[in-house]
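# What the coordinates show
Spelled out from the first residue to the last, the chains are:
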Amino acid sequence: MSERYKNRIELLQGTLDLLILQTLLWGPQHGYGVSQAIRANSGDLLQVDAGSLYPALHRLEKQKWIGADWKISENKQEVKVYRLTAAGRKQLMKERSRWEQISDAIGGVLNPAK
Amino acid sequence: MKLWWLWRKRERELEKEIQHHLQMAAKERRERGASARDAAAGARREFGNVELVKEVARDAWGWRWLENLYEDLRYGLRVLRQSPAFTLAAVLAIALGVGINVGIFSVLNGVALRLLPIPHAEQVVSVNQVLHGRFSREVHGEGGLVSYPEYLDYRDHNGVFSGLAAYEPFVEVTLAGSRMEQLYGALTTCNFFDVLNEHPAQGRGFTDSDCTAPGANPVVVVSDDLWRRNFRADPALLGKTILLNQTSYTVIGIAPRAFSGTEMLPTAFWVPITMQKALDAGEDYLAADNLSWLAMLGRVRPGVSRKQVRADLSVIAGRIDRRYPGRTTSLVISTATFFGRPDEREVLVPVTSVILTAFGLVLLIACANVSNLLLARASVRHKEMALRLSIGASRWRLVRQLLTESLLLSLAGGALGSLLAFWSFASITRLVASALPREVSALTVNVAPDIQVLAYALALTMVTGIAFGLIPALKSSRLDLNTALKGDSAQFSSGKKSGRFVRNSLVGAQVAVCMVLLLAAGLLLRGLNRAQTVDPGFDMKNVVVALLNLKIQGYDETRATAYVRGLQESVAGLPGVTDIAQAESAPLSHDRSGGDFFVPGRDERLGIGYNRVTPEYLSVVGIPIVRGRGFGQDDWRGASSVIVTESTARRLWPGEDPLGKTLRQSGVGEYSVIGVAKDAQVSQLGEPDTTFLYFPAGPRDNLRTYMLVRFSGGSTPIAKGIRDAMQSLDPNMLVDVGKLEDYLEVWRAPSRIASVLAGSLGGLALLLASIGVYGMASYSVSRSVREIGIRMALGANPAEVMRLVLRRAMWPVLLGGLIGVAGCAAVSWVLSSLLFGLGAHDPIAFISVPMFLLMVALVASYIPARRAMRVEPVVALRYE
């Protein structure tokens, strides 16, 4: 039954990781904050559902590209806050350049050189 | 456990994180004006399936297997609880199989693997020489031991030990006291206790000042056991003197209770090696350069590897080799255990492998039984399996689930069996030890479980679980979903050929293994019977034997000769005594001498056993001279006459007249053959064809001699008469008098132990295998009730039905039995040393045992077959 979700994660994987890393570049965030930031910065176009977000966050954490700390929020709750690590920063650069390549390539195909 | 804790922590964190997300989302919705309830519901809706998100997130951490395992365990426990009868049967079968294996392993562990009970025993190694090439060497004990000068070389020139000690393991000594007592002690170098780091509980150990000069240091450290047993734990024993072999020694220390020496047989006392000449009664070993008599134990310096030890000592060994042209020494260096010297291992390894195999076979039968139970149960559970497969479980997942159940079963059985083994094998070992010959019955084996035993038990249990669980798991997870779900249970089990094939093979294998064990037991019993009836080639009836060990009681040659002469006179006067003889060793007494002999002019050297005897000996034990003459009064020790046995004559001078031929002993002298004696089994029961020589005895042999007295009438008054005569000549004399026949007992003991062992294993195997046959037969009857019903409705009579059922049940039995017989015939030679000349393919055993097994199997399948015969056709057709 988990197949449905897995497919969607795989579909988004590279991009979602890129988006998360990019979001965390501005500063530490908790999971909900990450999803809201992605949503706001894309003009409500990209909505990351929780079923993709949390597995992605945990996967990135396991790969040590992001770190996690527990902090106390203003309403006295323990909150897991993610931050970008040095390795994550490097990974972000890599993913960005890869994304730009793909984007250029697709752009080139869509608008052949005049 | 730590893993579990980590997992729980992560679960809690995940939960908290998701809750936070939901709260934030709800809060935002509320801020946008939704009601509290709508906001919460909306947030939840947007989030999706919380459990699913958790599961995928968990996947990211790779925790999935742990969770599956937890589920499998919970489910498995529930399933096993649901069928308590099955669970109990399986657990008991496994407990039995694993229990006996763990038990026997804990004995072997105590004998051969357990480290010495000393501090940092893992640092202590035993160093042994293995000599190759052409050389001659005197051996006192084992060939791997070293001489004192060799020891000094190793001690002084090595750079790898913090200390190297040497000791003579078994010195037979008489302790004088209220009664004379024979003890085994050790002669040790004075660093012995320091190297072992084992210091006396009271008093002190040896120091260098105790090893100053030969004969100068009569001090002794006694064992705790000796102190308690012989001196009633006298606290004032320290500083007193005790008499060992007529020399007085001052007690300077009492060993701790837990330290009984470094040998299998407990050591009663330790004496400095410089006292060797006094303790060994006259012979000077310390100066002998080419004599094997000392065992070496070295404590390896921290950080030095075994490889370095070997390299370092090999250099020294090479230097020693240069003193003996033709000799090459290789070293065997092993962590010191009670039974670890190469000569001891040589005995141990073959025996151990046979024993472990036999015990393993019983476990195998038990596994087959549980396998069959699981297979039978699989036919009941196939609907459950089909259901799980159809809602998307993978086959691998089901196999894992079923294997988890098997492992649960085997863990329960293994734990129960191991507990029983730990609890019972200590007493079983004592029982077995008490059945051993007197000399070794004091042997102590620590069978208490240690880490090695526990590891073995766990490994065996896991392997067992997989062994009996794998085939059923693979089979029952492969289903035809369609028919299985429709509920036609008959098709799964009895209709399909492959299901029956697997179960039949299991039963066949059980019978085969059982056959091997029973045949072995049968052969051993026949061997035992033979040992009781065998004709050793000499007449052992009506002979009483007295061992006169005068040397260790302080006698010299003159006094010994006078004593023996006096004893002979008074024994000859006893009523009923017809003849008296003396010999260096009594026949079959395990007291043996031998040497290297060759015929001058020939290259071949032969190790031949011999005995030094008085002229009357051959007639007293009833060995006839077939050619030439026996010894006369002119033949004395040192004379050049020798009597050879027929086999020896055949071996050395085939087709020639042996009389007058010359035989030479390496480094000793030349002899000419004066007579040929009939072959007799004097050194090895059951082996008449060994070569053997007789030399004349002389006054020197009186220091330690067997007196053999032939008599007519009852043995008791003669034995008493000899005892009295011995003590009237010397009240302190240690008396050892018995019947010559009793020496046979020593030979029978190992074969009796082996046959009891094989018999009980065979019995267990038979029990398990007949349960297997019975289970198989009754299962197949219950599965084919409908078929039987149809046959009977169509007019088959009960006898035919019975035949059908029996035929089906007996096929695998017959086939397995045949394989078992063939298998046993192929390996039964390993038992030949216990069969006393009985062929390893003894027809009586090989016919009667299979017949017996077949009978049992027939009975086991007859009971269910009778049930089938009583099937009511109408009931059967409505069945299911």
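All figures in this text were calculated on a predicted structure; none of them were measured in a lab. (Residues numbered from 1 in each chain as written. Chains lettered and ligands numbered in written order. Predicted model: local features only at pLDDT ≥ 70, side-chain atom pairs only at ≥ 80, totals over all residues. Heavy atoms only, no water.)

### What to know about the overall build of chain B
Along the backbone of chain B there are 25 helices and 23 strands. At 37 Å, chain B has a C-alpha radius of gyration far larger than the 29 Å of a compact globule built from 880 residues. With respect to the principal axes defined by its C-alpha atoms, chain B has extents near 125 × 80 × 55 Å. Relative to its full complement of 880 residues, chain B shows a buried share of 51%. Restricting the contact set of chain B to residue pairs at least 6 apart, pairs at least 24 apart contribute 81%. (Helix = DSSP H or I, 4+ residues; strand = E, 2+ residues; numbered from the N terminus. Rg over C-alpha atoms; globule rule 2.2 N^0.38 Å. Buried < 20%, exposed > 50% of the residue type's maximum accessible area, 1.4 Å probe, protein only. Contact = heavy atoms within 4.5 Å.)

### Topic: the confidence of the model for chain B
All names here are of chain B. Within chain B, residue pLDDT values average 85, and 94% of them lie at 70 or more. Residue range residues 489-495 is modelled with pLDDT below 50. Its contacts to residues more than four positions away, or to other chains, number 20 contacts. Overall fold confidence for the complex sits at a pTM of 0.71, while the interface term, ipTM, reaches 0.80. (pLDDT = per-residue confidence, 0-100.)

### A closer look at the nonpolar core
All names here are of chain B. Of all hydrophobic cores here, the largest spans 53 residues; its most connected members are V111, F192, F206, F259, W270 and L409. Looking at this core, the element that brings in the most residues is helix α5 (residues 84-113), giving eleven residues. Apart from the residues lying within four places of it in its own chain, the contact partners of F192 are A165, Y167, F259, T262 and W270. Core analysis: the second largest hydrophobic core is formed by 47 residues, V146, L175, M275 and W293 among them. (Core = buried A, V, L, I, M, F, W, Y, C linked by side-chain atoms within 4.5 Å.)

### Section: the environment of A295(B)
Residues and elements named next belong to chain B. With respect to the helices and strands, A295 occurs in strand β11 (residues 295-300). Sequence-wise, A295 and S147 are 148 residues apart; in three dimensions their C-alpha atoms are separated by 9.0 Å. Excluding residues that lie within four positions of it along the chain, A295 makes contacts with L145, A165, A166, Y167, P169 and R341.

### Here's the deal with the interface of chain B and chain A
With 21 residues of chain B at the contact, the number on the chain A side is 25 residues. Roughly 2300 Å² is buried in total at the junction of chain B and chain A, and carbon and sulfur atoms are behind 59% of that figure. Contact with chain A buries surface across chain B, with E17(B), H20(B) and W61(B) losing the most and accounting together for 27% of the total. Summed over the shared surface of chain B and chain A, the result is two salt bridges. The residue K16(B) makes a salt bridge to E78(A) at a minimum N-O spacing of 2.8 Å. Joining chain B to chain A, the criterion identifies seven residue pairs in polar contact (both at pLDDT 80 or more). (Buried area = accessible area lost by both parts, 1.4 Å probe. Salt bridge = Lys/Arg side-chain N within 4 Å of Asp/Glu carboxyl O. Polar contact = N/O pair within 3.5 Å; in protein donor to acceptor, adjacent residues only side chain to side chain.)

### What about unusual backbone geometry?
A positive phi is found at K64(A), a non-glycine position, where the angle reads about 65 degrees. With a relative accessible area of 61%, K64(A) lands in the exposed category. Unusually for a residue other than glycine, N542(B) sits at a positive phi of about 60 degrees. Considering the arrangement of structural elements, one finds N542(B) in the loop between α16 (497-533) and β13 (543-549).

### Quick notes on the pairing of strand β20 (residues 669-677) of chain B
Residues and elements named next belong to chain B. With seven of nine residues buried, β20 is to be regarded as a mostly interior element. The pairing of strand β17 (residues 625-628) with β20 spans three bridges and is antiparallel. The residue of β20 that forms the bridge with I625 is A677. Examined bridge by bridge, strand β18 (residues 641-645) and β20 share five bridges and lie parallel to one another. By the bridge assignment for β20, T645 is matched with A677. (Pairing = 2+ DSSP bridges.)

### Focus: the sheet that holds strand β3 (residues 78-84) of chain A
All names here are of chain A. Taken in spatial order, the three strands make up an open sheet running β1-β3-β2, and their pairing is antiparallel. Every interior strand has two partners, whereas the edge strands, β1 (29-30) and β2 (66-72), have only one. Here β1 runs beside β3; their pairing, made up of two bridges, is antiparallel. Looking across to β3, one finds that Q29 is bridged to Y82. Contacts between helix α3 (residues 50-62) and the sheet are confined to β2 and β3, with β3 contributing the most and set at about 60 degrees to the helix. (Axes fitted to C-alpha atoms, helices over the stretch in contact; angles between N-to-C directions.)

### Section: helix α10 (residues 306-321) of chain B
Here α10(B) contains 16 residues, and its C-alpha end-to-end distance of 22 Å stays within 8% of the 22 Å for a straight helix at 1.5 Å per residue. Packed against the buried residues of α10(B) are β1 (124-133), α6 (148-157), β3 (161-176), β11 and β12 (327-335) of chain B. (Expected span 1.5 Å × (residues − 1).)

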